[in-house]
Amino acid sequence: MSNKWVGLLDCNNFFVSCERLFRPELEGKPVLVLSSNDGCVVARSQEVKDIGVPMGVPYFQIKDIIKNEGITAFSSHFALYRDVSRRVFSVMSEELGGIQQYSIDEAFFLLDCHPEEIASHLRKIIAKKVGIPVSIGLSQTRTRAKYANMLAKKAKGIKLLSEQEWSFLAPKIPLAQIWGVGGKMEIKYKNHNLLTAYDLMSADPQQVRTLFGLMGLRLRDELKGVPVSTGVKKSDTQHTILNSRSFKKPTEELAVLADAIAYHLRHAAASMRAKSLETRSIRVFIRPSRHSDFVLQGGSKEIVLTQYTRDTVELSRLAKRALEQVYRPRVPYKQAGVVLGNLRPVGVNQPDLFSLPKDKNSDRLMKVLDNINAGKEGKDLLTVGSRLKQSEWQAKSDNRSPAYTTKWSDILTVKSQ
DNA sequence: TCTGGGGTCCTAGGACCC
DNA sequence: TCTGGGGTCCTAGGACCC
C-alpha cells in the first residue's frame, strides 16, 4: 500500500449546479431539481436547504413554499447532467490519470503526496474548464474520505482528515453518518449497543461477522483504516442496465404493462448496444405503489439465456414471457421495469459448446434500428414489441430545461451587445 | 389527483445432488 | 411412526448508495 491518501471529489448540489451553468442569474437564488414525473425533490441549492426543504420530499407537498419563497424548480434533465458529468471526470482524468467514478457526481482517486496542493488545483481547474463547484475529502480509506468530504462541504471545499484527527473524532461520529449505514442497519447496530464509529471499530471482529455479515466486517476495517477494496484501479464494466418508470396512475391491465415493459426493453437494449455490451440474463419486474396496501404484491422474474445476445427481438420475446409469469390480476401496479444482467463487452467470444450458432442478420438489423432511432431522444420511432395507441402509463416533465449541450436546436446563442 | 430512476453487493432459502 | 446431512448453484429480494 504505497498510496497515502484516498480522495473523494464530489460536485456540490450537482443537478442544481448543472442548471445554473446555463442560467447564471440563478446564482445565489434558491433552486431545486425534481425527480422524473416531477415526483419529488432530488437536488437543492444551499438557499433551498436553508429554507428547510428536505431531500426527497414530494413536489405536491411543497408547491406553496416554492411559490412563496420564489424558488426556481426544474424537472430533471439527465442528458444534460450526464454530459456535464463526463466533462468533470475527463478534466479529473487528465490531471490525475486513473480515477474511479462512483456515481454521476463523485469519483475516488489516490495520491502519494501534496494532497492539499493537488486538491486545490483540481477545484480551480474544474471551476475554470467546466464551471462546476466541487468538494474534496482526503483520508486513509474510502469510507473515511467520504466522511472527510462531508466536512469539506462545511469548510472551504477541501478537508484533509489525518489519522490523528480521525481517532479524535471517531467516538463522536454516530454510525448513521457513516457511508453504508442506512436506517435498517443503524437500528441493528444500536440494538447491540454500537452507536459510534469508534464502537464498531473496537468491536470483536468475529462477533461483527456473525451479527452483521460481510458488510459489517468490511465497514469495521474501513473505519479502522484498512482499505477493503484493494485500491482504486478497476476497469470494471457495468454489470446491469436498468430501465424503469412509474406510471401516471396505477393499472391492473396486462396489456398496459406489456406496453411499458416492451418500451423499457427497447431502451435498455439500445443503451446496452451503445455501450458495446451484450447480455445473458433479463429480469422483468412490476410493482404496486410503495405507499399503498399492495406494497408486497410486486414481483420479478429473471430468465437466463444460454447464449449472450444484443437482439431486441429475442429479448422482447423473453420479456413478454417473464411478464406473464409475474403478473397477477387485480393488483394496481404503479411501476414496471427491465434489467439486463450478466453484461460483458462485445467481442469477448467464448462460444458455448451447446449453444446454437448466432444469427448473423441480427447484428445488422439492430444497427439499422439504432441508426434510425439515433438522435431522436424519446421519440422511439421504429419499435419492436407491443405498442399501444395511447401510452396511458407515461407521464410528463413540465419544467425541463432545454438540452443546452446535447441538442443542436437548444444550444445557447451568444449575442454581442 | 400527485411520493424517482439507475446502480452495487449480499443473503436467505429452494432445488438438486451425493 | 417417522422423516440424514452437507455441499453447490440459482433466484428473488433486501439494503444501501447517489
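No experiment lies behind these values; they were computed from the predicted model shown.

A. Broad picture of the overall build of chain A. A count of helical and extended segments in chain A gives 13 helices and 13 strands. Sequence separation of at least 24 residues holds for 67% of the intrachain contacts in chain A that already meet a minimum separation of 6. With an accessible surface of roughly 23,300 Å², chain A has 53% of that area assigned to carbon and sulfur atoms.

B. Representation of helix α1 (residues 14–21) in the model. In terms of residue burial, α1 counts as a mostly covered element, since 7 of its 8 residues are buried. Within α1, the full set of buried residues consists of F14, F15, V16, S17, C18, E19 and R20. Where α1 is buried, its residues touch β1 (5–11), β2 (31–34), β3 (41–44), α2 (46–51), β4 (72–75) and α4 (78–96).

C. Main features of the domain arrangement of chain A. Domain annotation of chain A identifies domain 1 (1–161), domain 2 (162–235) and domain 3 (241–393). Taking the mean C-alpha position of each, domain 1 and domain 2 sit 25 Å from one another. Taken together, the contacts link 20 residues of domain 1 with 20 residues of domain 2. Between domain 1 and domain 2 the total buried area reaches about 1,900 Å² when both faces are included, carbon and sulfur atoms providing 64% of it.

D. Local environment of the sheet that holds strand β8 (residues 158–160). Strand order in this open sheet of 5 strands is β5-β6-β1-β7-β8, and the pairing throughout is mixed. The sheet terminates laterally at β5 (100–103) and β8, the two strands that pair on one side only. Sheet twist, expressed as the average angle between the axes of neighbouring strands with direction ignored, equals 20°. Note: β1 against strand β7 (residues 134–139), 6 bridges, orientation antiparallel. Looking across to β7, one finds that D10 is bridged to S135.

E. Representation of the protein's contact with DNA strand C. Around DNA strand C, a shell composed of 19 residues is seen, among which S103, D105, K146, G180 and M185 lie nearest. The share of sugar and phosphate among atoms of DNA strand C within 4 Å of the protein is 94%. Contacts to DNA strand C include G180, whose backbone N or O atom sits 2.9 Å from a phosphate oxygen. Backbone polar atom of V181 to a phosphate oxygen of DNA strand C: 3.3 Å apart, as the coordinates give it. Of all the secondary-structure elements, those providing two or more residues to the surface near DNA strand C are β5, α8 (183–191) and β11 (299–309). Examining the composition of the surface near DNA strand C, we find that 5 residues originate from one element, β11, more than from any other. In terms of residue class, the surface near DNA strand C is made up of 6 nonpolar, 6 polar and 7 charged.

F. Up close: the side chain of N12. With respect to the secondary-structure elements, N12 resides in the loop between β1 and α1. Sequence-distant contacts of N12, that is, excluding residues within four places in its chain, are made with S17, P133, V134, S135 and K153.

G. View of the protein's contact with DNA strand B. Near DNA strand B there are 25 residues, and of these R218, T240, L242, R290 and K334 occur at the shortest range. Each atom of DNA strand B within 4 Å of the protein belongs either to a base or to sugar and phosphate, the latter forming 75%. With respect to DNA strand B, the backbone of L214 contributes an N or O atom lying 3.1 Å from a phosphate oxygen. Within the side chain of Q238, a nitrogen or oxygen atom sits 3.0 Å from a phosphate oxygen of DNA strand B. Residue assignment for the surface near DNA strand B shows that the elements contributing at least two residues are α10 (205–224), β9 (241–251) and β12 (333–341). Split into classes, the residues belonging to the surface near DNA strand B amount to 8 nonpolar, 12 polar and 5 charged.

H. Summary view of the sheet that holds β3. Read across the open sheet, the 3 strands follow the order β3-β2-β4; overall the sheet is mixed. Here the strands that pair on one side only, and so sit at the sheet edges, are β3 and β4. This sheet shows a mean twist of 25° between the axes of neighbouring strands, independent of strand direction. The strands touched by α1 within the sheet are β2, β3 and β4, with β2 carrying the most contacts at an inclination of about 110°.

I. A look at the packing of α4 against helix α5 (residues 115–129). Between α4 and α5, the shortest axis-to-axis distance is 10 Å and the interhelical angle comes to 140°. Taken as axis vectors, α4 and α5 run oblique relative to one another. Regarding α4 and α5, the two cross each other, and that crossing is right-handed. Each of V88, V91, M92, E94, E95 and L96 in α4 lies in contact with α5, whose residues at this interface are I118, H121, L122, I125, I126 and K129. Of the residues assigned to the contact of α4 with α5, the class counts are 8 nonpolar, 1 polar and 3 charged.

J. Local environment of α10. Taking 1.5 Å per residue as the helical rise, α10 with its 20 residues ought to reach 28 Å, whereas the 12 Å between its terminal C-alpha atoms falls clearly short. Helix geometry: α10 is bent most strongly at F212, by close to 135°. Within the span of α10, buried status applies to V208, F212, G213, G216, L219, R220, E222 and L223. In this structure, the buried side of α10 is in contact with α6 (142–154), α7 (163–169), α8 and α9 (197–201).

K. Seen up close, the nonpolar core. By size, the foremost hydrophobic cluster in this structure holds 35 residues, and its most contacted members are L9, F14, V88, M92, F109, I126 and I132. Top contributing element to this core by residue count: α4, with 7 residues. Beyond its immediate sequence surroundings of up to four residues, M92 is in contact with L9, G97, I99, A107, F109, L122 and I126. Counting residues in each nonpolar core, the second largest holds 32 residues, with I303, L315, A319 and A322 among its members.

Analysis parameters
- Residues numbered from 1 in each chain as written.
- Chains lettered and ligands numbered in written order.
- Predicted model: local features only at pLDDT ≥ 70, side-chain atom pairs only at ≥ 80, totals over all residues.
- Heavy atoms only, no water.
- Helix = DSSP H or I, 4+ residues; strand = E, 2+ residues; numbered from the N terminus.
- Contact = heavy atoms within 4.5 Å.
- Areas by Shrake-Rupley, 256 points an atom, 1.4 Å probe, with all protein chains shown as cover.
- Buried < 20%, exposed > 50% of the residue type's maximum accessible area, 1.4 Å probe, protein only.
- Domains from an automatic or database assignment.
- Buried area = accessible area lost by both parts, 1.4 Å probe.
- Pairing = 2+ DSSP bridges.
- Axes fitted to C-alpha atoms, helices over the stretch in contact; angles between N-to-C directions.
- Near = heavy atom within 4 Å.
- Polar contact = N/O pair within 3.5 Å; in protein donor to acceptor, adjacent residues only side chain to side chain.
- Nonpolar A, V, L, I, M, F, W, Y, C, P; charged D, E, K, R; others polar.
- Parallel < 35°, antiparallel > 145°, perpendicular 65-115°, else oblique.
- Left-handed = near helix turned anticlockwise from the far one by under 90°.
- Expected span 1.5 Å × (residues − 1).
- Bend = angle between axes of the 7 residues up to and from the residue.
- Core = buried A, V, L, I, M, F, W, Y, C linked by side-chain atoms within 4.5 Å.

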